[in-house]
Amino acid sequence: MPMKPQANPLPHPLPAHDALDPVLRQALDTASALAHEAIGRSDPNPRVGCVILSPAGRVLGSGSTQRAGSAHAEVAALQAARDAGAEVRGATAVVTLEPCSHQGRTPPCCDALTEAGIARVVVAAQDPNPRVAGQGIARLRAAGLAVTLLPPDDPTAVATRELNIGFFSRMERGRPWVRMKIAASLDGRTALENGTSQWITGEAARRDGHAWRQRAGAVLTGIGTVLEDDPRLDVRMVPTELQPQRVVVDSRLEIPPTARILAPPGAAWIYTATDTAAAAAGEHAEALGRLGATLIPCPGPGGKVDLAALLDDLARREINELHLEAGEKLNGSFLKAGLVDELLIYLAPMLIGSGRGMAGWAPLASLIDGLRFEFRQIERVGSDLRVVARPAGHAGP
């Protein structure tokens, strides 16, 4: 069942976006920029930035979320201030997400702020984790700290949610945020009839696509793409500290041990509709196991993988954002099941004519049955266009 955060019983003390003075607003902007630096590093934890200000408004220390099990943003900022020889007692901590109040891989951040003598905390957005969800703010206030929580429609609060949209999705809906990436010609073709697709889009678009891959906790494709294109699906064109987990939908367990997606930087998770217990006794499964692959039974109707159950399982494995790069059949299956939260489409200024499409399913009887989307962003990337769209009426988790 999707996890629902507890309602925050504390009213928002800020009546308007301009209620913060310029120094605090600038600190929030800096904290937001720091939070972006945690992309490709902090998963499965949220991307958070923190700035420590002296009573006079001088920056004493700043930091962002480190790798899971290491310092959260607040602790990193406090340590930076200590390393600089600064006195933080009586200071203000400006943080993009509510400080945690529970013992996870690390101790509660609200305790670290309290013990350091911080006097005030400005929080951009409430943590959706049911183990926090207002409890961090309550704990800080109970310890005597003044806490300011921005209204949910404040630009920094909105930006924090967008930056952590997968974390919010996993906590509020119990499944990852699913982003479907497609590179196509202007007439909507992703490859020629013979499967040739390298390269429809230019290098700038491909590099940008790797930056979006870097955001993801996992990159998913289907067995058809593996057999035809033999992709690696890792992050190569932009620097990253973590590689996303690679996932293959392979109903009949057809993946060859030589597939490049099984090679380093990490072992693949293979979702299959076969009886994994029986398959594990075979030489094929043994060879996959030696490569570190994990076989995950997820049978659905018609001998296919149950995609909704797959997403539930990925959430249990702490995947926040799922980056889908697949062929038209699997794309169509995800779309028709209503499991796609966002389209990331790169359009090249060329026409191919006959070729493979973006997504396929049975012919519709009427245009009213078409899947409707809303454009969220259209930008030029090199010689191509990047289009970001979400299902109509679906702003986010």
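Refer to the preceding data block for the structure.
What counts and what doesn't
- Counting of residues starts from 1 at the beginning of each chain's written sequence and follows it residue by residue.
- At least 70 in pLDDT is required for a residue's local features to be given in this predicted model, at least 80 for side-chain atom pairs to be given and counted, and no such filter applies to totals for whole chains, interfaces and linings, which use all residues.
- The basis for every side-chain value is the complete set of heavy atoms in the structure, and neither hydrogens nor water enter the calculation.
- Whether two strands pair comes down to DSSP finding at least two bridges between them.
- Every helix listed is a DSSP run of H or I at least four residues long, and every strand listed is a run of E at least two residues long, numbered separately from the N terminus.
- What counts as an axis is a line fitted to C-alpha atoms, over the stretch in contact for a helix, and the angles between N-to-C directions run from 0 to 180 degrees.
- Here, two residues are considered to be in contact whenever any of their heavy atoms come within 4.5 Å of each other.
- Ring pairs shown here join Phe, Tyr and Trp side chains whose ring centres sit within 6.5 Å, with only the six-membered ring taken for Trp; geometry is labelled stacked below 30 degrees between planes, edge-to-face above 60, and tilted in between.
- Geometrically, a lysine NZ or arginine CZ counts as sitting over a ring once it is within 6 Å of the ring centre and also within 35 degrees of the ring normal.
- Put simply, angles under 35 degrees are roughly parallel, angles over 145 are roughly antiparallel, angles from 65 to 115 are roughly perpendicular, and the rest are oblique.
- Charged residues are taken to be Asp, Glu, Lys and Arg, nonpolar residues to be Ala, Val, Leu, Ile, Met, Phe, Trp, Tyr, Cys and Pro, and polar residues to be all remaining types, Gly included.
- Between buried and exposed lies partly exposed: a residue is buried under 20% and exposed over 50% of the maximum accessible area for its type, with that area taken using a 1.4 Å probe on protein chains only.
- In plain words, nonpolar cores are sets of buried Ala, Val, Leu, Ile, Met, Phe, Trp, Tyr and Cys residues tied together by side-chain atoms within 4.5 Å.
- Throughout this description, a polar contact denotes any pair of N or O atoms lying within 3.5 Å of each other; where both atoms belong to protein, one of them has to be capable of donating a hydrogen while the other can accept it, and for residues adjacent in sequence the pair is counted only when both atoms sit in side chains.
- Residues form patches when they are more than 30% accessible in relative terms and have no salt bridge. Like charges link within 9 Å. Nonpolar side chains (Val, Leu, Ile, Met, Phe, Trp, Tyr) link within 5 Å.
- Only the protein chains shown count as covering a residue, and every accessible area follows the Shrake-Rupley method with a 1.4 Å probe.
- Any Lys or Arg side-chain nitrogen located within 4 Å of an Asp or Glu carboxyl oxygen qualifies as a salt bridge.

Draft legend 1. Up close: the sheet that holds strand E6 (residues 177–185). Strand order in the open sheet made by the 9 strands is E10-E9-E8-E7-E11-E6-E12-E14-E13, with mixed pairing throughout. The open sheet terminates on both sides in strands that have one partner only, identified here as strand E10 (294–297) and strand E13 (373–381). Pairwise comparison of adjacent strand axes, ignoring direction, gives a mean angle of 25° for this sheet. Bridge analysis of E6 against strand E12 (residues 342–348) gives 7 bridges, and the strand direction is parallel. From the neighbouring strand, arginine 179 faces E12, where its bridge partner is glutamate 342. Contacts from helix H11 (residues 307–316) reach E6, strand E7 (218–222), strand E8 (245–249), strand E9 (269–272), E10 and strand E11 (321–324) within the one sheet, and its direction differs from that of E9 by about 150°.

Draft legend 2. Highlighting the packing of aromatic side chains. Using the criterion set out here, one finds 0 aromatic pairs in the structure. Of note, arginine 206 hangs over the ring of tryptophan 199, and the distance from its end group to the ring centre comes to 4.4 Å. Sitting above the plane of the tryptophan 269 ring, arginine 317 keeps its charged end 5.2 Å from the centroid.

Draft legend 3. Region of interest: the packing of helix H2 (residues 73–83) against helix H3 (residues 109–116). Axis separation between H2 and H3 bottoms out at 9 Å; the angle between their running directions is 30°. When the axes of H2 and H3 are compared, the pair comes out roughly parallel. Of the residues in H3, those touching H2 at Glu74, Val75, Leu78 and Arg82 are Cys109, Ala112, Leu113 and Ala116. Partitioned by chemical class, the residues of the contact of H2 with H3 number 6 nonpolar, no polar and 2 charged.

Draft legend 4. Local environment of H2. Among all positions of H2, only Ala73, Glu74, Ala76, Ala77, Leu78 and Ala81 are buried. At its buried positions, H2 is contacted by strand E1 (49–53), strand E2 (59–64), strand E3 (92–97) and H3. Of the residues trailing H2, glycine 85 is marked for its positive phi of about 75°.

Draft legend 5. Local environment of the pairing of E3. Among the 6 residues in E3, 6 count as buried, and that is most of the element. Pairing geometry for E1 and E3, over 4 bridges, is antiparallel. Bridging from a neighbouring strand, valine 51 pairs with valine 94 of E3. Pairing between E3 and strand E4 (residues 120–125): 5 bridges, direction parallel.

Draft legend 6. Molecular detail of the nonpolar core. If you look at the biggest cluster of nonpolar residues, it comprises 31 residues, and the most contacted ones within it are Leu220, Tyr271, Leu310, Leu314 and Phe334. Apart from the residues lying within four places of it in its own chain, the contact partners of leucine 314 are Pro176, Val247, Trp269, Tyr271, Ile319 and Leu322.

Draft legend 7. The sheet that holds E3, seen in detail. Overall, mixed pairing links the 5 strands, which are arranged E2-E1-E3-E4-E5 in an open sheet. Unpaired on one side and paired on the other, E2 and strand E5 (146–149) mark the two borders of the sheet. For this sheet, the mean angle separating the axes of adjacent strands, direction not counted, is 15°. Packing against the sheet, helix H1 (residues 22–36) makes contact with E1, E2, E3 and E4, and its axis sits at approximately 145° to E1.

Draft legend 8. Structural detail: the environment of glutamate 115. Tracing the backbone shows glutamate 115 in helix H3. For glutamate 115 and arginine 89, which are 26 residues apart along the polypeptide, the C-alpha to C-alpha distance reads 9.2 Å.

Draft legend 9. Examining the side chain of threonine 272 more closely. The residue threonine 272 is located in strand E9 in this model. According to the relative accessible area criterion, threonine 272 is buried, its value standing at 1%. A distance of 2.9 Å separates the side chain of threonine 272 from the backbone oxygen of serine 251, its partner in a polar contact. Those residues in contact with threonine 272, other than ones at most four positions away along the chain, are Asp250, Ser251, Arg252, Leu253, Ile296, Pro297, Cys298, Pro299 and Val305.

Draft legend 10. Spatial organisation of a nonpolar patch on the surface. A cluster of nonpolar side chains, namely Trp361, Leu364 and Leu371, defines an oily patch on the protein surface of about 240 Å² accessible area. Summarising the element assignment, leucine 364 is placed in the loop between E12 and E13. Since its relative accessible area comes to 38%, leucine 364 is described here as partly exposed.

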